Amino acid sequence: MKRNKLHRIGSYKKNQNSNSSLNSFSFYWYLKAEEFKRASDVSYVQICLDQHQLEHKMQTKTIDYTKRMDPFLWPTYILLISFALENLFKGLLLHNQPNLIEGNILAGRHFKIHDLISLATVCNFKLNEDETRLCGIGSEFIKGFGRYPMTKNSKDEIYSFHINVTNTKESFESLYERLAAYMEYVGALTNPGAKQGSR
């Protein structure tokens, strides 16, 4: 029997006969959030290194303006932490309203939006002032500014972002841990593939 040769990049395929409902469990939304959080941690380390190098070059007056500088990663960092929060909120929403899965298809308008404040509200999860500001900024980055240099409505909407990345990280980690702890408290982080009593 001839084996198909794998492409050097890899491959993917849709499993037509598989039961995809397993991945609808809130636990898997939490795992996806953890992926984004870990990626954001890596990004933050590079942000700190870039900032340190830039400050050193400014102090020593060794900046070479004839060379292109490496891109700043803080917009990507904001995007990653926003994706992490979005997955937690939608995982919690799914736990609270399991009927939103219809024939292995996500139903309900809240799975089609990226408004983190609205997602928190529909999940009955209260945000403090800093968390509300973080989620508001994060929503805008998910919808466009974290992915593209402009949005489709940029001619009508002009935004100016002034982000303190250190304070943003502190607020994000506080919210992330509080939200994950709440999900565990209500039983939303039960691993469907593990033995009962384990996570």
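Bear in mind the structure is a predicted one, so any value in this text is a computation, not a measurement. (Residues numbered from 1 in each chain as written. Predicted model: local features only at pLDDT ≥ 70, side-chain atom pairs only at ≥ 80, totals over all residues. Heavy atoms only, no water.)

1. Quick look at the overall build of the chain
The secondary structure content of the chain amounts to 5 helices and 2 strands. Tracing the chain from N to C terminus, the helices and strands come up as α-α-β-β-α-α-α. Across the 199 residues in the chain, those meeting the buried criterion constitute 34%. Contacts in the chain between residues far apart in sequence, at least 24 positions, make up 76% of those at least 6 positions apart. Total accessible area computed for the chain in this model is approximately 14,300 Å², and 52% of it derives from carbon and sulfur atoms. (Helix = DSSP H or I, 4+ residues; strand = E, 2+ residues; numbered from the N terminus. Buried < 20%, exposed > 50% of the residue type's maximum accessible area, 1.4 Å probe, protein only. Contact = heavy atoms within 4.5 Å. Areas by Shrake-Rupley, 256 points an atom, 1.4 Å probe, with all protein chains shown as cover.)

2. Structural notes on helix 2 (residues 74-96)
With 23 residues, helix 2 should cover 33 Å at 1.5 Å per step; its first-to-last C-alpha distance of 33 Å lies within 8% of that length. The buried count for helix 2 comes to 18 of 23 residues, which makes it a mostly enclosed element. (Expected span 1.5 Å × (residues − 1).)

3. With respect to the nonpolar core
Ranked by internal contacts, the top residues of the largest apolar core, which has 39 residues, are Tyr 77, Leu 85, Phe 89, Phe 172 and Tyr 176. Here this core gets 12 residues from one element, more than from any other, and that element is helix 2. (Core = buried A, V, L, I, M, F, W, Y, C linked by side-chain atoms within 4.5 Å.)

4. Looking at the pattern of salt bridges
All told, the structure shown has 7 salt bridges when counted by the stated rule. Notably, a salt bridge pairs Asp 41 with Lys 169, separated by 3.5 Å at the nearest N-O pair. With Asp 41 in helix 1 (residues 26-60) and Lys 169 in helix 5 (residues 165-185), the pair connects residues that are 128 residues apart, well separated along the chain. The class of Asp 41 is partly exposed, set by a relative accessible area of 29%. The closest approach of N and O atoms between Glu 131 and Arg 178, which form a salt bridge, is 2.6 Å. (Salt bridge = Lys/Arg side-chain N within 4 Å of Asp/Glu carboxyl O.)

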